[in-house]
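# Structural characterization, general
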Amino acid sequence: MIDKLTALDMFAENYRPLSETKKSEFARIVSRLLNSTFLFRGKEGDTNDFYAVIEKKELFSSYLAMLDYELICDEDNALVMIRNVEGRNRVHLNKFDTVVLLILRKLYNVKKGEVSFEDKVIVDVETIIEEVRTAQIFDEEKKATAYEETFRKLRRHKIIDFAGSKVDENMNIQILPSILVILPQDSLVDFAKRLEAFRVKEEDKENAEEANSNEDENAD
């Protein structure tokens, strides 16, 4: 990553020639990136801004470098994103969020092979719920409110997209290509191992609780 003094010089050189309209557009797009991290070529409302960043990559990258952000332009996966080089602004996910995210990544691999390059990767909620059940990580069936909370969180961070807020098993969810950045592993075997690790931890917990219960009964 370039040092900040070099970034300042690069930014000034690229910013001065801009018209007032272009300067306003630049400020608006930077604000969007800082607020939402990702822009997608194929997402409604993002397309023009995506191409604006690609066209003026040096302008955006030099400015963001002064704020300790790295600009990543991944045209193969039709996205641009920023990443804080100091490790700030990390997203914290709970166990259920993480399991759903891993399942979505697995489904993205499967569904991506069924569509053309420009097509959206769509999956219905029923499929996600069935994958969670099949994983057998949680003792109790997760309620619709748990899925709603997780889906809203992932939508807020532009990992998925969907219309509405109430979860219905027939509702469709678009898995955005940002999931490739969040979980870059290519092998479905890796995902299976991660889910298995969650399952093993849950089983160990259950065995420990059962052992403690037996000890209490024997003590009586």
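The text that follows walks through the structure, step by step, so that each part is easy to find. None of the values given here were measured: they were computed from a predicted structure.

### Notes on the overall build of the protein
Helix and strand content of the protein: nine helices and six strands. When the 220 residues of the protein are sorted by exposure, 38% land in the buried category. Restricting to contacts in the protein with at least 6 residues of sequence separation, those with at least 24 account for 61%. As displayed, the protein has an accessible area near 13000 Å², and 46% of this comes from carbon and sulfur atoms.

### Concerning helix α7 (residues 144-156)
In this model, α7 (13 residues) spans 18 Å end to end at C-alpha, consistent with the 18 Å of a helix rising 1.5 Å per residue. For α7, the elements touching its buried residues are α5 (95-112), α6 (125-135), β5 (160-161) and β6 (172-175).

### Re the environment of E131
Tracing the backbone through its elements, the reader meets E131 in helix α6. On a C-alpha basis, the gap between E131 and V99 in space is 9.8 Å, while along the polypeptide they are 32 residues apart. Discounting chain neighbours no more than four positions away, the residues touching E131 are I103, K106 and L107.

### Overview of unusual backbone geometry
Non-glycine residue T37 carries a positive phi angle of around 75°. In this structure, T37 sits in the loop between α2 (20-36) and β1 (38-40). Residue class for T37 comes out partly exposed when judged on its relative accessible area of 28%. A positive phi is found at A78, a non-glycine position, where the angle reads about 60°. In this structure, A78 sits in the loop between β2 (69-74) and β3 (79-84).

### Examining α2
With 17 residues, α2 ought to run about 24 Å at 1.5 Å a step, and its terminal C-alpha atoms sit 24 Å apart, in line with that. In the core, the buried residues of α2 are packed alongside α1 (4-15), β1, α3 (47-55), α4 (57-66), β2 and β3.

### Details of the side chain of D97
Tracing the chain through its elements places D97 in helix α5. The exposure class assigned to D97 is buried, which follows from its relative accessible area of 1%. In terms of polar contacts, D97 uses its side chain to reach the side chain of K153, at 2.5 Å. Apart from the residues within four sequence positions on either side, D97 is in contact with T150 and K153.

### Points about the packing of aromatic side chains
The geometry of two aromatic rings is summed up by the distance between their centres and the angle between their planes. Taken as a whole, this structure holds twelve aromatic pairs when the rule is applied. Note on F11 and Y15: the rings are 4.9 Å apart at their centroids and 25° apart in plane angle, and the pair reads as stacked. Note that F11 and Y15 are positioned in helix α1 at a spacing of four residues, about one turn of the helix. Residue Y15 is classed as partly exposed on the basis of its relative accessible area of 25%. Each ring, one from F151 and one from F162, has its centre 6.3 Å from the other, and the planes form 65°; the classification is edge-to-face.

Rules used in this analysis
- Per chain, residues are indexed from 1 in the order of the written sequence.
- Whole-chain, interface and lining totals are the exception, using all residues; otherwise, since this is a predicted model, local features are given only for residues with pLDDT of at least 70 and side-chain atom pairs are given and counted only at 80 or more.
- Side-chain measures here rest on the full set of heavy atoms in the structure, leaving out hydrogens and waters.
- Per the convention used, a helix needs a DSSP run of H or I reaching at least four residues, while a strand needs a run of E reaching at least two, with both numbered from the N terminus.
- Each residue is assigned to one of three classes by its accessible area relative to the maximum for its type, calculated with a 1.4 Å probe on protein chains only: buried under 20%, partly exposed between the two thresholds, exposed over 50%.
- For this analysis, residues touch if any pair of their heavy atoms sits within 4.5 Å.
- All accessible areas in this document rest on Shrake-Rupley with a 1.4 Å probe, and a residue is counted as covered only by the protein chains that are shown.
- Every helix has an expected span of 1.5 Å times one less than the residues it contains.
- Any N or O atom pair separated by 3.5 Å or less is treated as a polar contact, with the protein-specific requirement of one donor-capable and one acceptor-capable atom, and with residues adjacent in sequence counted only for side-chain atom pairs.
- Paired rings are identified among Phe, Tyr and Trp, the last through its six-membered ring, by centres lying within 6.5 Å, and are further divided according to the angle between planes into stacked (under 30 degrees), edge-to-face (over 60) and tilted (the rest).

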